[in-house]
Amino acid sequence: VRAARGALRWRRRPAGTGDALVSAAARGRPQPWASQQRRRPRQKSASDEMETEKRPAPYEGLFADGHLVLWTLCSVLLPVFITFWCSLQRSRRQLHRRDIFRKSKHGWRDTDLFSQPTYCCVCAQHILLGAFCDCCGLRVDEGCLKKADKRFPCKEIMLKSDGRALDAMPHHWIRGNVPLCSYCVVCKQQCGSQPKLCDSRCIWCQKTVHDECMKSSLKNEKCDFGEFRNLIIPPSYLTSINQMRKDKKTDYALLASKLGKQWTPLIILANSRSGTNMGEGLLGEFRILLNPVQVFDVTKTPPIKALQLCTLLPYHSARVLVCGGDGTVGWVLDAVDEMKVKGQEKYIPQVAVLPLGTGNDLSNTLGWGTGYAGEVPVTQVLRNVMEADTIKLDRWKVQVTNKGYYNLRKPKEFTMNNYFSIGPDALMALNFHAHREKAPSLFSSRILNKAVYLFYGTKDCLVQECKDLNKKVELELDGERVELPNLEGIIVLNIGYWGGGCRLWEGMGDETYPLARHDDGLLEVVGVYGSFHCAQIQVKLANPFRIGQAHTVRLILKCSMMPMQVDGEPWAQGPCTVTITHKTHALMLYFSGEQTDEDISSTSDQEDVKETELTDEEMQV
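Residues numbered from 1 in each chain as written. Predicted model: local features only at pLDDT ≥ 70, side-chain atom pairs only at ≥ 80, totals over all residues. Heavy atoms only, no water.

*Asks:* Just to check I follow, could you spell out the overall build of the protein for this structure?
*Replies:* Each helix and strand in the protein was counted, giving 18 helices and 24 strands. Across the protein, contacts joining residues at least 24 apart in sequence account for 69% of those joining residues at least 6 apart. Accessible surface, the protein: about 34400 Å² in total, of which carbon and sulfur atoms supply 55%. (Helix = DSSP H or I, 4+ residues; strand = E, 2+ residues; numbered from the N terminus. Contact = heavy atoms within 4.5 Å. Areas by Shrake-Rupley, 256 points an atom, 1.4 Å probe, with all protein chains shown as cover.)

*Asks:* Can you help me understand the nonpolar core in this one?
*Replies:* In globular proteins that are soluble, nonpolar side chains generally tend to be buried together. Among the nonpolar cores identified, the biggest contains 100 residues, and Leu138, Tyr237, Leu269, Phe286, Leu321, Trp368 and Met588 are the most heavily contacted of them. No other element matches helix H12 (residues 326-341), which puts six residues into this core. Counting 30 residues, the second-largest nonpolar core is a separate cluster that includes Ile422, Leu427, Ala550 and Leu555. (Core = buried A, V, L, I, M, F, W, Y, C linked by side-chain atoms within 4.5 Å. Buried < 20%, exposed > 50% of the residue type's maximum accessible area, 1.4 Å probe, protein only.)

*Asks:* Honestly, helix H17 (residues 531-538) in this entry has me stumped. Any pointers?
*Replies:* For the α-helix, the turn length of 3.6 residues means that residues three or four positions removed from each other point alike. Ser531, His533, Cys534 and Ile537 are the residues of H17 that are buried. Buried residues of H17, viewed axially, fall in a sector of 155°; they line one side. Directly beyond the C-terminal end of H17, a positive phi value near 60° is found at Lys540. (Arc of directions from axis to C-beta.)

*Asks:* What is the right way to read the layout of surface pockets from this model?
*Replies:* To find leftover empty space, one rolls a probe the size of a water molecule over the atoms. The volume enclosed by the second largest pocket comes to roughly 1200 Å³. Lining the second largest pocket are 48 residues; nearest its centre among them are Asn177, Val178, Pro179, Leu180 and Arg201. Among the secondary structure elements, those contributing two or more residues to the lining of the second largest pocket are strand E1 (108-112), strand E2 (129-133), helix H10 (279-289) and helix H14 (378-387). Broken down by element, the lining of the second largest pocket gets its largest block of residues, six residues, from H10. When the residues that make up the lining of the second largest pocket are grouped by side-chain class, the tally is 21 nonpolar, 17 polar and 10 charged. (1 Å grid on protein atoms, 1.4 Å probe; cavity = no way out; pocket = protein on both sides within 12 Å on 5 of 7 lines; lining within 4 Å. Points joined across faces, edges and corners; volume = space filled by probe spheres on them. Nonpolar A, V, L, I, M, F, W, Y, C, P; charged D, E, K, R; others polar.)

*Asks:* Is there a simple way to explain the packing of aromatic side chains in this structure?
*Replies:* Centre-to-centre distance and the angle between the planes together describe a pair of aromatic rings. Throughout the structure, instances matching the rule amount to five aromatic pairs. Aromatic side chains Trp368 and Phe591 sit 5.4 Å apart centroid to centroid with 20° between the ring planes, which places their arrangement in the stacked category. With a gap of 223 residues between them, Trp368 in the loop between helix H13 (361-365) and H14 and Phe591 in the loop between strand E24 (576-590) and helix H18 (597-620) connect regions that are remote in the sequence. For Phe591, a relative accessible area of 9% translates into the label buried. Across from the ring centre of Tyr497, 4.8 Å away, lies the NZ or CZ of Arg503, which sits over that ring. (Phe/Tyr/Trp six-rings, centres within 6.5 Å; stacked < 30°, edge-to-face > 60°. Lys NZ or Arg CZ within 6 Å of the ring centre and 35° of its normal.)

*Asks:* Can you help me understand the confidence of the model for the protein in this one?
*Replies:* When pLDDT drops low, the exact placement of atoms in the prediction is not to be read closely. Residues of the protein with pLDDT of at least 70 account for 80%, and the chain-wide mean is 81. Across residues 17-39, where pLDDT falls below 50, the model places nine contacts with residues more than four positions away in sequence or in other chains. (pLDDT = per-residue confidence, 0-100.)

*Asks:* It is not clear to me how the pairing of strand E9 (residues 319-324) should be interpreted in this structure. Could you clarify?
*Replies:* Extensive coverage of E9 is indicated by the burial of six of its six residues. Going residue by residue along E9, you find Arg319, Leu321 and Cys323 tucked away on one face and Val320, Val322 and Gly324 tucked away on the opposite face as well. By the bridge criterion, six bridges tie E9 to strand E10 (residues 350-355) in an arrangement that is parallel. Following the sheet pairing, Leu321 is matched in E10 by Ala352. Considered for its hand, the β-α-β crossover made up of E9, H12 and E10 is right-handed. (Pairing = 2+ DSSP bridges. Right-handed = clockwise from strand over helix to strand, strands pointing away.)

*Asks:* Honestly, helix H8 (residues 235-246) in this entry has me stumped. Any pointers?
*Replies:* Here H8 contains 12 residues, and its C-alpha end-to-end distance of 17 Å stays within 8% of the 16 Å for a straight helix at 1.5 Å per residue. Along H8, the positions that sit buried rather than exposed are Pro235, Ser236, Tyr237, Leu238, Thr239, Ser240, Ile241 and Met244. Close packing links the buried residues of H8 with helix H9 (252-256). Following H8 by one or two positions, Lys248 adopts a phi angle in the positive range, close to 60°. (Expected span 1.5 Å × (residues − 1).)

*Asks:* Looking at this model, I keep getting lost on the pattern of salt bridges. Mind explaining?
*Replies:* Two side chains carrying opposite charge are able to pair once their charged atoms lie near each other. Enumeration according to the criterion identifies 17 salt bridges in this entry. Taking the shortest distance from any N to any O, the salt bridge between Arg109 and Asp134 comes out at 3.6 Å. Remark: Asp134 occurs in the loop between E2 and strand E3 (139-141) and Arg109 occurs in strand E1; sequence separation between them is 25 residues. Classification of Asp134 by relative accessible area gives buried; the value is 5%. The partner of Glu227 in a salt bridge is Arg383, with the nearest N and O atoms 2.5 Å apart. Of this pair, Glu227 sits in the loop between helix H7 (216-219) and H8 while Arg383 sits in helix H14; the two residues are 156 residues apart in sequence, bridging distant segments of the chain. Several salt bridges converge on common partners, so that one network encompasses Asp334, Asp337, Lys340, Arg395 and Lys583. (Salt bridge = Lys/Arg side-chain N within 4 Å of Asp/Glu carboxyl O.)

Structure follows, in structure tokens:
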């Protein structure tokens with residue numbers, strides 16, 4: 001259209017106008033007609049008007065882009081701000097809760113609806129986020145912590161009044177959250193069956209009673225400490241002991257006679273880092289059933305300090321339950337030996353084991369099982385401790401003297417309870433120990449730990465780092481040198497079990513060998529041909545190479561570095577002389593209820609041997 005209009009104007013211009021325009025343009029002077037043409041406004045067509053309507057104004061586009069940016073910033077920053085505000089409020093609540101935990105006399109621990117559905121003892125509502133006391137069992141919501149701390153007292157370790165008699169301990173009732181399997185002491189009906197805060201429980205004797213059956217006489221009734229009265233140290237006893245020490249009296253037997261002849265107080269020593277990391281939960285359960293002063297975490301209180309509680313008890317009456325692996329048991333037995341050195345032999349306790357470690361060979365030998373995973377209630381564990389019998393356990397001194405250095409270095413000394421070994425099993429323990437030290441949180445499962453042992457054992461089957469051991473060591477049993485075949489490992493046993501539940505000395509088959517005992521003053525020495533041979537022994541497809549029994553074992557490492565271990569504590573050792581001699585005895589508690597078929601058969605064989613020996617002696621007489 002524009003081109004047609006231009007052509008029409010060109011045709012209508014006067015003659016000579018083009019030349020004049022050219023000349024005028026050349027001279028730079030504007031022509032009247034040209035100025036008129038410039039001034040004349042161009043008429044808009046319909047298409048131009050439509051394009052004008054469609055094209056937005058510049059300020060309108062800018063305004064729309066600003067809205068988009070604003071909404072984008074809001075959608076990004078608002079969640080960030082809400083998250084930051086929530087985390088700030090959560091951290092404030094946590095600081096406030098920790099401040100209450102620190103100042104409170106209760107042993108508060110965090111809890112929520114998902115860990116264990118319970119009711120608040122203050123407001124009687126469901127606990128979504130709150131705390132519970134692992135000493136008295138009190139459970140409260142987060143908003144009721146201060147009220148509960150002021151209203152409800154915790155378990156008393158010692159009585160406030162010195163004049164109170166031993167038999168004047170009243171019940172300490174806590175309302176609600178009673179065990180579902182408990183029964184009322186009055187009507188003998190089940191307690192805690194209603195979905196609300198109801199019924200009461202005594203935190204000392206663990207008796208439960210319905211709200212309807214609670215009477216004034218029952219509230220004022222004295223507490224007899226229930227089923228485990230022979231294991232609990234009463235608060236009044238510690239109050240009396242404190243008064244006697246002020247008066248410089250030490251006749252504790254007269255004071256304990258009021259508690260009965262069967263009173264054998266129990267001290268709990270738990271390692272919260274052992275094996276499956278169950279120690280923390282067990283500590284709380286034992287505090288609820290016993291006096292909290294009897295329960296210790298050995299990672300916070302060393303055994304030598306915890307065992308000083310035995311000096312406040314009658315002679316030879318204390319018992320100790322060690323919750324941990326074989327290493328924790330050895331740690332406690334070393335503390336017992338220190339008590340002997342200090343002249344406290346009369347207060348030596350008897351030691352039981354609750355296995356929480358990986359191997360648990362010592363606890364298996366003593367009848368406490370291969371591992372504890374919570375399948376047995378804690379109350380049953382305490383019953384087993386009361387029924388256990390006292391036996392003796394040989395303890396051996398392992399002295400390692402390095403060669404060279406003109407004997408200037410002091411020999412290293414270890415105490416052996418289970419076994420000493422050099423070879424492939426010590427190499428597996430050394431590799432496992434090195435990786436557990438780097439990342440301890442990854443080795444909290446007993447099954448995972450055994451899988452790691454299997455991995456390193458398979459690796460050693462291919463590499464064979466300990467081959468030709470017979471050319472590197474010399475072995476002497478009771479001073480006589482023993483010729484060794486082509487072995488890769490030597491194991492010196494004090495107990496019947498090895499490698500997580502394998503009876504190494506007895507083996508399998510029709511071959512008869514003297515039964516291994518842990519109290520006869522003898523060591524059993526065997527050899528293995530490699531990691532694959534160890535695996536065959538554990539699945540009962542092969543027997544070890546039995547070298548002999550001895551009272552003293554001497555091993556000389558002539559050259560190279562070799563892995564060694566004592567009770568699962570490995571290290572790499574250079575040329576040296578290892579001497580194993582008898583050190584002392586330890587009083588242990590043996591429980592016969594966890595015996596396997598092999599244990600029963602071996603026990604019957606031992607009884608037959610004893611009867612035969614007695615018959616021979618009678619015949620000689």
